[in-house]
Amino acid sequence: SIHTVNISARLDGVQSMLASEEAKDHISITGGNTDSRFDLLKNLSVSASRKIHTDWTLSANAGYAERMPTASEMYGFYLYNAFDGFDYIGNTGLKTENAFNAEASLAWQKPGIRLQATVFYSHISHYIMGEVDTDYSTMTIGAKGVKVYRQQGWAQLGGTEASVQWKMNSRLALVNTLHFTLARHETGDPLPFIAPLKNIGSLRYAFNRFSAQAEYEASAAQNRINKNTGEMATPGFVLAHARLGYSIPLGKTQLGLQAGVENIFDEAYREHLDWGGILRPGRNIYMQVKVSF
């Protein structure tokens, strides 16, 4: 069997400071610290892989990572968020987020075909999220209230991904990927902005200069939502696409003709991470010419 082990470490020093007296005055209004701040971010990862059989490979990695608060999370001053309708105020007292990550995957491969399954997990400490604070009044007309960025204990994310790549013959190939993530806060509430179970696949045919591809996307409904962030449940959907291509060599250049139909059945849908409940485009027919030098 073949073994490989990789270890990597990284240190980042980040200096944050307010560059003007006006900025310091804004932060002072909310009782924030106007002094400069220095953060030393530590990152460490270990990965290993082993060929456990002629066709099987097992790999795993684990790591520790730190993320400092963003400028908005530290110094935001009544930043309006159109997604949930709240004004946001920063918090200079935030600690860095700390995450422990782990992942393991098993792959089976033979000539022309590869199957792989992966599981992953992450535990985040000092999780940062906006929290409603009724001591503040809104500044944006129509805002629902004010949220202040605060540490929200810990959060967990876990999930799996599976994929198949199958080259059936010299002309036909199949690719399919399945992805699922489950995430929750220590209170038991779902974390926001987590996509639902999703499956994406394509069947491609190529012969000489001609290519054709059929695709589909299938997404489950997402009803595990965080209402405090203004999330809305998302219905499931299934989409179908078709694409054609033809290449023409012109001396040292290459002319590519492409055409296709996206969302063939004109499905009314939106991705869960889309803001405001706005639907994605319906049936879309396109043609394009690409010149490669």
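Residues numbered from 1 in each chain as written. Predicted model: local features only at pLDDT ≥ 70, side-chain atom pairs only at ≥ 80, totals over all residues. Heavy atoms only, no water.

1. Here's the deal with the sheet that holds strand 16 (residues 284-292)
Line of reasoning, step 1. Spatially, 12 strands are ordered 1-2-3-6-7-10-11-12-13-14-15-16 in an open sheet, and the strand pairing comes out antiparallel. One side of each edge strand has no neighbouring strand; the edge strands of this open sheet are strand 1 (3-16) and strand 16. Averaged over all neighbouring strand pairs, the angle between strand axes comes to 10 degrees, with direction disregarded.
Line of reasoning, step 2. Relative to strand 13 (residues 210-219), strand 12 (residues 198-207) runs antiparallel, the two being bridged by 10 bridges. Paired with Leu 203 across the strands is Ala 214, a residue of strand 13. (Pairing = 2+ DSSP bridges. Helix = DSSP H or I, 4+ residues; strand = E, 2+ residues; numbered from the N terminus. Axes fitted to C-alpha atoms, helices over the stretch in contact; angles between N-to-C directions.)

2. As for the side chain of Ser 219
Line of reasoning, step 1. The topology assignment puts Ser 219 in strand 13.
Line of reasoning, step 2. The buried category is assigned to Ser 219, whose relative accessible area is 10%.
Line of reasoning, step 3. Setting aside residues no more than four positions away along its own chain, Ser 219 makes contact with Pro 196, Leu 197, Lys 198, Gly 236 and Phe 237. (Buried < 20%, exposed > 50% of the residue type's maximum accessible area, 1.4 Å probe, protein only. Contact = heavy atoms within 4.5 Å.)

3. A closer look at unusual backbone geometry
Line of reasoning, step 1. Unlike most non-glycine residues, His 126 shows phi in positive territory, near 60 degrees.
Line of reasoning, step 2. With respect to the helices and strands, His 126 occurs in the loop between strand 7 (113-125) and strand 8 (128-132).
Line of reasoning, step 3. Take His 126: its relative accessible area is 29%, and that puts it in the partly exposed class.
Line of reasoning, step 4. For Asn 263, which is not glycine, the phi torsion reads 55 degrees and is therefore positive.
Line of reasoning, step 5. Residue classification places Asn 263 among the buried residues on the basis of a relative accessible area of 3%.

4. Quick notes on the pattern of salt bridges
Line of reasoning, step 1. All chains considered together, the criterion is met by 15 salt bridges.
Line of reasoning, step 2. The closest approach of N and O atoms between Arg 67 and Glu 73, which form a salt bridge, is 3.3 Å.
Line of reasoning, step 3. Arg 67 sits in the partly exposed class, given a relative accessible area of 31%.
Line of reasoning, step 4. A residue is classified by how much of its surface remains accessible, and Glu 73, at 11% relative accessible area, is buried.
Line of reasoning, step 5. The salt bridge involving Arg 67 is made with Glu 97; its shortest N-O contact spans 3.0 Å. With Arg 67 in strand 3 (residues 56-67) and Glu 97 in strand 6 (residues 97-110), the pair connects residues that are 30 residues apart, well separated along the chain.
Line of reasoning, step 6. The network of salt bridges with common partners includes Arg 67, Glu 73 and Glu 97. (Salt bridge = Lys/Arg side-chain N within 4 Å of Asp/Glu carboxyl O.)

5. Quick notes on the packing of aromatic side chains
Line of reasoning, step 1. Going through the model one piece at a time under the given rule, you end up with five aromatic pairs.
Line of reasoning, step 2. Look at Phe 77 and Tyr 78: their rings are 5.2 Å apart centre to centre, the planes differ by 85 degrees, and that puts the pair in the edge-to-face class.
Line of reasoning, step 3. Overall, the relative accessible area of 17% leaves Tyr 78 in the buried class.
Line of reasoning, step 4. Residues Phe 237 and Tyr 269 carry aromatic rings whose centres are separated by 4.7 Å and whose planes lie at 45 degrees to one another, so their mutual orientation is tilted. Here Phe 237, found in strand 14 (residues 237-250), pairs with Tyr 269, found in the loop between strand 15 (253-262) and strand 16; they are 32 residues apart in sequence, far enough to count as distant. This pair shows no difference in class: Phe 237 is buried, exactly as Tyr 269 is.
Line of reasoning, step 5. For Lys 147, the ring lying beneath its charged end belongs to Phe 86, and the centroid distance is 4.6 Å. (Phe/Tyr/Trp six-rings, centres within 6.5 Å; stacked < 30°, edge-to-face > 60°. Lys NZ or Arg CZ within 6 Å of the ring centre and 35° of its normal.)

6. Some details on the pairing of strand 3
One face of the sheet, then the other: side chains in a regular strand alternate in exactly this way.
Line of reasoning, step 1. Taken together, the eight bridges between strand 2 (residues 37-51) and strand 3 define a ladder with antiparallel strand orientation. Across the sheet, the residue bridging to Ser 47 is Asn 61, located in strand 3.
Line of reasoning, step 2. The antiparallel hairpin formed by strand 2 and strand 3 contains four residues in its connecting segment.
Line of reasoning, step 3. Here 12 bridges tie strand 3 to strand 6, and the two strands are oriented antiparallel to one another. Paired with Ala 65 across the strands is Ala 99, a residue of strand 6.

7. Let's talk about the environment of Asp 189
Line of reasoning, step 1. Its place among the elements puts Asp 189 in the loop between strand 11 (172-185) and strand 12.
Line of reasoning, step 2. Overall, the relative accessible area of 36% leaves Asp 189 in the partly exposed class.
Line of reasoning, step 3. The spacing of Asp 189 and Ala 155 is 34 residues in sequence and 9.7 Å in space, taken between C-alpha atoms.
Line of reasoning, step 4. Asp 189 has contacts with Arg 184 and Asn 226, leaving out every residue within four places of it along the chain.
Line of reasoning, step 5. A polar contact of 3.1 Å, which involves the side chain of Asp 189, links it to the side chain of Thr 187. (Polar contact = N/O pair within 3.5 Å; in protein donor to acceptor, adjacent residues only side chain to side chain.)

Purely spatial values, then, with no claim about function.
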